[in-house]
Amino acid sequence: MTGKQIEAARVAATRHMQRRGQIWIRVFPDKPVSKKPLETRMGKGKGAPEEWVAVIKPGNMIIELAGCSETVAREALARASSKLPFRCRFLVRQHGAQ
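Residues take numbers from 1 onward in each chain, read along the sequence in its written order. Totals for whole chains, interfaces and linings use every residue, but because this is a predicted model, local features are given only for residues with pLDDT of at least 70 and side-chain atom pairs only at 80 or more, for both listing and counting. Heavy atoms throughout the structure, all of them, feed into the side-chain values; hydrogens and water do not.

(A) Here's a closer look at the nonpolar core. Here the nonpolar core consists of buried residues drawn from Ala, Val, Leu, Ile, Met, Phe, Trp, Tyr and Cys, with membership extended through side-chain atoms lying within 4.5 Å. For every residue, the accessible area obtained with a 1.4 Å probe (protein chains only) is divided by the maximum for its type, and the residue is called buried under 20%, exposed over 50%, and partly exposed between those limits. Counting 16 residues, the largest nonpolar core has Ile62, Ile63 and Leu65 as its most contacted members. The way it works is that DSSP assigns letters per residue, a run of H or I at least four long becomes a helix, a run of E at least two long becomes a strand, and they are numbered from the N terminus. Those elements that provide at least two residues to this core are α1 (3–17), β4 (63–66) and α2 (70–81). When residues in this core are grouped by element, the largest group, five residues, is from α2. Contact between two residues is taken to exist if any of their heavy atoms lie within 4.5 Å; hydrogens are not considered. Ignoring anything within four residues of it in the chain, the contact list for isoleucine 62 reads Met1, Trp24, Ile25, Arg26, Val27, Ile56, Leu84 and Phe86.

Printed below as a string of structure tokens:
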């Protein structure tokens with residue numbers, strides 16, 4: 001998951017919530033992905049960092065919302081998940097359970 005995809009999901013969720021509630025991004029792109037220019041000969045070392053990615057494993061929580069109704073949160077996360085390259089699920093934390 002690239003940094004641009006994370007930012008697109010954050011913007012989509014924030015715009016739907018209209019600045020109500022809080023949003024937490026639980027992942028951070030901390031792994032560089034390098035590429036060499038096209039039509040470059042072999043050798044001469046590794047290419048320059050092209051983008052930063054976050055390694056996501058199944059079951060990781062990506063975005064967390066609080067301070068808004070469940071219907072608003074569900075729609076905001078549905079819009080955010082449309083920006084991501086994999087399927088996402090909506091989870092609700094039960095009050096009082098920790």
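(B) Broad picture of the side chain of threonine 14. Here threonine 14 is to be found in helix α1. Owing to a relative accessible area of 16%, threonine 14 belongs among the buried residues under this scheme. Any N or O atom pair separated by 3.5 Å or less is treated as a polar contact, with the protein-specific requirement of one donor-capable and one acceptor-capable atom, and with residues adjacent in sequence counted only for side-chain atom pairs. A polar atom in the side chain of threonine 14 sits 2.8 Å from the backbone oxygen of arginine 10. When residues no more than four places from it in sequence are discounted, the contact partners of threonine 14 are Arg19 and Ile23.

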